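Architecture and fold: a report
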Amino acid sequence: MTLFSATSPPSRSTRTRAHLLPIALSGGCAVIAIALVAYLLWPTWGAGGGANAPDKLPVSIGGTLFNLPAAAIRMKIQRHSGPQERIDLDFLYPSLESPGAPKHVTVDSVDTTLQAIDRIFLSIAAHHDALAPEQRVGTIYPRYLDQAATMPEDGLTMRMFRSDTPYAGEDLYSAASPVLTARCTRDAATPGMCLSERRIGGADLTFRFPRKWLSQWREVTEAMDRLALQLRGPRG
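Cut-offs applied
- Here, residues in each chain are numbered from 1, in the same order as that chain's written sequence.
- Only residues with pLDDT of at least 70 get local features here, since the model is predicted, and only at 80 or more are side-chain atom pairs given and counted; chain-wide, interface and lining totals rely on the full set of residues.
- Calculated side-chain values reflect all of the structure's heavy atoms, with hydrogen atoms and water omitted.
- Two strands pair if DSSP finds at least two bridges between them.
- Only runs of H or I of at least four residues qualify as helices and only runs of E of at least two qualify as strands under DSSP, and these elements are numbered from the N terminus.
- Throughout, an axis means a line fitted to C-alpha atoms (over the contacting stretch in the case of helices), and angles, computed between N-to-C directions, take values from 0 to 180 degrees.
- Each salt bridge in this description consists of a side-chain nitrogen of Lys or Arg and a carboxyl oxygen of Asp or Glu lying within 4 Å of one another.
- A simple rule labels every residue: compare its accessible area, found with a 1.4 Å probe on the protein chains alone, to the largest value its type can have, and call it buried under 20%, exposed over 50%, or partly exposed in between.
- Pairs of N or O atoms are called polar contacts if they sit within 3.5 Å, as long as, within protein, a hydrogen donor faces a hydrogen acceptor (for residues adjacent in sequence, only side-chain-to-side-chain pairs).
- By definition in these notes, contact holds between two residues if any of their heavy atoms fall within 4.5 Å.

Strand order across the open sheet formed by 3 strands is S2-S1-S3, with mixed pairing between neighbours. Strands at the two margins of the open sheet, each flanked by one partner only, are strand S2 (64-69) and strand S3 (82-84). Within the sheet, the average angular offset between the axes of one strand and its neighbour, ignoring direction, is 40 degrees. As judged from the 3 bridges shared by strand S1 (residues 56-61) and S3, these two strands associate in the parallel manner. Considered in S3, the bridge of Ile61 is made with Gln84.

Here is the structure:
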């Protein structure tokens, strides 16, 4: 006797739903992952991290401990304690206070006028035994500098980098009291900026500020010195 199965083959709609389920699950996981990355990288609009967020974070960079104001850390993904390779901060000048939360800008509300820079930018990064800033000034920069130097003006000396060097379009400023060394781009389509470096333990601190601030270079130098002292953690 021939037996016939009472089970009918799955319908086309059932097979379609079975194929769509893994695709829908994969799409949902992708959306969640993108949302998480966007949350970590997107600037913080409005108030800070909340009432329970610490004002300062203990962070180890290159094995050197720093106590960093959380509100001054520019990227949300860097706002956590513990070891880090690099952190980027900014501070209002001359108060050296942490800037407020950035305003939410839309296409309609964006201001296209060039705004004056009112802050010092600071990057702290592990140096991994790279050439120290003072060694770079003493051994590397002299190879690329023009031999002529300006007479010291208000204690500040300027030497130009030659146009056939990696530092073309930049000038080197130096002073002895207080000690300052700054490599500055020249004013062009955008205002010139200065870079001044110093080493603390296993980390290099790189300060950036507008070149026009050199008219008050002593005050700027003292501000950078205060920041380096304030941010350094316990030396135990």
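Before going further, it helps to spend a moment on the pattern of salt bridges. Within the structure shown, the criterion is met by 11 salt bridges. Put simply, Arg186 and Asp171 hold a salt bridge, and the shortest N to O gap is 2.9 Å. Remark: Asp171 occurs in strand S8 (residues 170-176) and Arg186 occurs in the loop between strand S9 (179-185) and strand S10 (193-200); sequence separation between them is 15 residues. On the basis of relative accessible area, Asp171 is assigned to the buried category, the value being 3%. Among the salt bridges present, the one from Arg198 reaches Asp225, with a minimum N-O distance of 2.4 Å. Placement of Arg198 in strand S10 and of Asp225 in helix H3 (residues 217-231) is noted, with a sequence separation of 27 residues between them. Residue Arg198 is classed as buried on the basis of its relative accessible area of 17%.

Inspection of the secondary structure assignment puts Thr64 in strand S2. For Thr64, a relative accessible area of 5% translates into the label buried. From its side chain, Thr64 meets the backbone nitrogen of Gly202 in a polar contact 2.7 Å long. Not counting the four nearest positions on each side in its chain, Thr64 is found in contact with Val59, Ile200, Gly201, Gly202, Ala203 and Arg232.

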